[in-house]
2 protein chains.
Amino acid sequence: MRKIDLTSFNVATSETARKINRRILLDLIRTRQPVSRADLARLSGLQRSTISVITDQLVEEKWVTEGAFGHLPRGRKPRFLHLNVERTGIIGINIRPTKTTVALSDLNARFTAEESFSTATDPDKFIADLTERIVALIKSHPQVFFEGIGVSVPGRVDSESKRLVFAPNLGWRDVDLRSSLESATKLPIEIENAANACALAEIWFEQRGEGISDLVAVTISEGIGTGIIANGQLLRGAHGIAGEFGHISIRENGELCKCGNRGCWEIYASNTAAIRDYMTATNGGRAAKNNGHSNGRQAPSFEDILRLADQGDGKAGEAIERMAHNLGVGLAILTIGIAPRKIVLIGEITQAWARIYPIISRVIAERSPSGQSVTQIVPAQANERPRLRGSVALILQKHFGAPAFA
Amino acid sequence: MRKIDLTSFNVATSETARKINRRILLDLIRTRQPVSRADLARLSGLQRSTISVITDQLVEEKWVTEGAFGHLPRGRKPRFLHLNVERTGIIGINIRPTKTTVALSDLNARFTAEESFSTATDPDKFIADLTERIVALIKSHPQVFFEGIGVSVPGRVDSESKRLVFAPNLGWRDVDLRSSLESATKLPIEIENAANACALAEIWFEQRGEGISDLVAVTISEGIGTGIIANGQLLRGAHGIAGEFGHISIRENGELCKCGNRGCWEIYASNTAAIRDYMTATNGGRAAKNNGHSNGRQAPSFEDILRLADQGDGKAGEAIERMAHNLGVGLAILTIGIAPRKIVLIGEITQAWARIYPIISRVIAERSPSGQSVTQIVPAQANERPRLRGSVALILQKHFGAPAFA
DNA sequence: AGCATATAATTCGCATCACGAACAAACTTA
DNA sequence: TAAGTTTGTTCGTGATGCGAATTATATGCT
């Protein structure tokens with residue numbers, strides 16, 4: 001039961017019922033397609049007459065198309081309805097410190113075009129690059145009706161002003177990504193933190209509609225990001241800065257983090273942590289304080305460590321396992337405090353799932369009251385590009401999310 | 001934007017608009033009373049004609065009463081509308097390990113009757129006691145129309161089955177508090193964890209409608225409980241076991257907690273912690289492992305320690321300050337991870353607010369990225385009986401919460 | 001007192017919408 | 001070909017909010 005926010009609410013008009021039912025049917029068609037009008041009546045509980053009126057409207061607006069006829073043992077054949085995938089293009093953008101990806105997606109988060117370019121260090125230069133690419137992408141697809149542009153960024157986004165407040169790994173502060181794109185394309189722009197985007201992708205594009213409405217997405221790369229879905233919607237917190245669990249302290253007097261806190265989770269459980277750990281182990285601890293090159297020796301990439309561990313390298317394996325342990329420590333906090341039905345891990349580390357899952361699982365079980373956690377820990381399908389799908393979800397939810405009343 | 005849960009949704013009918021607008025008006029009347037129909041039209045944006053129809057309905061159903069006439073420099077005098085406080089009684093129950101309180105409240109969480117009795121250790125005996133008291137309370141108020149019974153319990157409640165799963169400080173497991181009360185009174189019963197109840201009380205009975213929809217309530221007594229409100233509703237998590245932040249580990253290899261985890265927040269920041277800390281300090285550490293009596297010496301109550309600290313006792317003051325520090329450590333995790341607009345602290349410790357707030361505040365600031373937290377930390381008004389008010393909110397929200405559609 | 005003006009609240013015709021019964025369409029089986 | 005079955009549409013009804021017109025009730029100016 002939600003409290004009505006009397007500082008910002010919507011009253012119902014005579015069109016409200018239609019808006020609500022329309023969204024429900026659109027969502028049912030999206031997730032259950034192919035589906036007949038009669039099916040929709042059974043699934044929704046609405047009268048068949050009502051279904052007909054609404055679906056006709058959806059067909060007319062080209063959200064839905066009529067497809068083949070179904071086959072039944074008796075009676076008139078049903079006409080299947082499908083989501084009109086061709087109608088709409090959504091541009092998904094994934095900004096990462098090294099490279100940025102621009103992709104064209106349909107409503108099912110299937111990508112039909114994709115290109116990457118290296119992320120310029122100067123925000124203005126970057127914005128110019130990005131705008132150019134997007135304009136070119138739009139021009140080269142004249143038949144597509146574009147719905148909007150979703151952007152996933154590795155940093156904090158102010159949910160009101162829609163500005164990028166701070167992106168530590170890019171070194172950007174208070175960047176307005178939106179205005180330039182908006183004026184160049186005239187399309188709606190949505191910008192969101194990468195972990196939040198991943199969390200959205202997870203509820204909007206889950207495989208078999210499990211109906212999970214409470215989950216946490218944890219992105220593990222240079223740092224750790226968390227995106228929390230509670231009651232089917234993103235937990236944004238004051239000014240949209242919730243979900244910084246990567247910077248909670250798991251060691252009271254641990255190492256100083258660049259955020260100013262000590263012993264942050266991401267100091268011990270990010271890719272960076274594993275690299276530093278491996279360097280320390282193979283170099284007698286001399287390289288511990290250096291992140292990157294040290295004593296003339298080239299620092300390995302995280303992928304290198306994964307590969308080495310896979311090939312049986314003991315030190316690399318230990319680094320991965322220590323990282324898994326520390327991941328578990330933080331995940332235990334999430335399972336105990338938030339108790340989501342599912343936590344999705346996103347990052348290269350999931351390639352070593354068979355190795356890390358038992359460790360994570362044990363650490364969480366040890367720390368959970370009653371020893372058994374209700375939270376399922378799963379890896380994201382890496383080839384599904386969670387961040388890009390999340391940026392698509394940002395636009396998708398504007399058309400498929402629950403309309404806000406009261 | 002919320003995703004529609006296709007496993008459980010409500011379609012809109014022709015009455016849906018009315019249900020929505022009715023709730024909005026009822027809430028506006030509750031929070032803005034006294035208020036005229038014309039005021040409601042301005043506040044809601046609905047037509048005055050619509051307002052008239054709905055308010056007439058509310059008056060007829062005795063939710064609202066027409067009161068005095070207002071005074072204006074010009075024009076017809078407005079007729080003020082009030083929430084009909086007399087109409088309804090809500091029974092609030094607060095179960096605590098030592099004593100249980102039964103109270104009769106109106107819709108504004110003002111208590112008109114209240115009595116306490118000691119909590120029986122045997123659940124069956126307790127249920128019998130409680131049922132008897134409630135039946136007597138109802139009998140002695142024949143003129144009141146009872147809306148329901150809200151129960152706040154110091155333990156975990158399964159949100160589906162509505163059973164008390166586990167109450168560590170009572171030693172109860174899987175207790176069905178509901179059935180007996182329901183069959184004896186025929187009233188709706190709602191049961192909720194004490195911290196969750198406090199969080200609800202905070203958003204439903206906040207002083208000056210600040211419109212805060214993200215907050216955390218932290219109850220500090222024998223243990224620590226947390227109740228999280230996200231987007232205006234309780235974060236329940238899988239099986240309603242979210243909000244066990246009291247049992248997250250803040251010291252990696254800390255003391256063993258009875259939950260099975262090590263170094264739990266509540267081990268260091270609960271009243272019990274301060275008592276143990278004080279005993280250790282005044283008894284050369286000999287009493288550290290004993291909670292309660294030790295070496296023939298009577299353990300002080302937490303109130304004793306507060307009083308001693310207030311009187312200038314150094315050891316007691318240090319115990320309080322250490323507790324404040326440890327509270328800050330856990331609160332920092334909440335401010336960083338959840339970033340609520342407000343955290344409300346509930347417990348005897350808030351009596352020493354002037355002493356503890358600077359410490360808590362500093363610890364949080366030290367640990368917050370950018371050094372400044374957006375979260376306001378405030379004490380609950382102790383004389384407002386947050387738990388009881390929360391149990392009233394449990395029933396209140398069924399009538400004043402946002403109706404669920406889509 | 002009488003009239004202008006202002007504000008509150010109600011009345012009434014209209015458009016939107018879901019409902020549900022009746023009907024039409026389309027298909028299978030005997 | 002007739003009966004039965006399922007899909008999908010048509011149409012009249014009731015609930016609802018809108019908005020203009022109207023009524024009710026106040027103050028102030030002439």
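Located above this text is the structure these notes cover.
Quick caveat, the model's predicted, so the values are computed rather than measured. (Residues numbered from 1 in each chain as written. Chains lettered and ligands numbered in written order. Predicted model: local features only at pLDDT ≥ 70, side-chain atom pairs only at ≥ 80, totals over all residues.)

**Concerning the overall build of chain A**
In terms of regular secondary structure, chain A is built from 12 helices and 16 strands. Relative to the 2.2 N^0.38 estimate, which gives 22 Å for 406 residues, the radius of gyration of chain A is 23 Å and therefore close to what a compact globule would have. Along the longest, intermediate and shortest principal axes, the C-alpha atoms of chain A span 75 × 55 × 50 Å. Burial status across chain A gives 47% buried among its 406 residues. Considering only contacts in chain A between residues 6 or more positions apart, those separated by 24 or more positions represent 60%. (Helix = DSSP H or I, 4+ residues; strand = E, 2+ residues; numbered from the N terminus. Rg over C-alpha atoms; globule rule 2.2 N^0.38 Å. Buried ≥ 20, exposed ≤ 12 C-beta atoms within 10 Å, placed from the backbone. Contact = placed C-beta atoms within 7 Å.)

**Considering the sheet that holds strand β10 (residues 172-175) of chain A**
Residue and element names in this part refer to chain A. Pairing is antiparallel in the open sheet, where 3 strands are placed in the order β8-β9-β10. Two strands close off the open sheet at either side, each with one partner strand: β8 (156-157) and β10. Pairing of β8 with strand β9 (residues 164-167) involves 2 bridges; the strand directions are antiparallel. Its bridge partner being in β9, V157 is matched across the sheet by L164. (Pairing = 2+ DSSP bridges.)

**Looking at the relation of the copies chain B and chain A**
Overlaying chain B on chain A yields an RMSD of 0.0 Å, the required transformation being a rotation through 180° with an accompanying axial translation of 0.0 Å. What we have between these two chains is a two-fold relation. (Least-squares fit on C-alpha atoms with pLDDT ≥ 70 in both.)

**Examining the pairing of strand β15 (residues 342-346) of chain B**
Residues and elements named next belong to chain B. Burial runs high along β15: 5 of the 5 residues are buried. The pairing of strand β12 (residues 215-220) with β15 spans 5 bridges and is parallel. Counted as the bridge partner of L215 is K342 from β15. Pairing of β15 with strand β16 (residues 376-379) involves 4 bridges; the strand directions are parallel. In the sheet register, L345 faces β16, and the bridge partner there is P379. Since β15 and β16 lie parallel, the crossover through helix α11 (residues 353-367) that links them has a hand, and here it is right-handed. (Right-handed = clockwise from strand over helix to strand, strands pointing away.)

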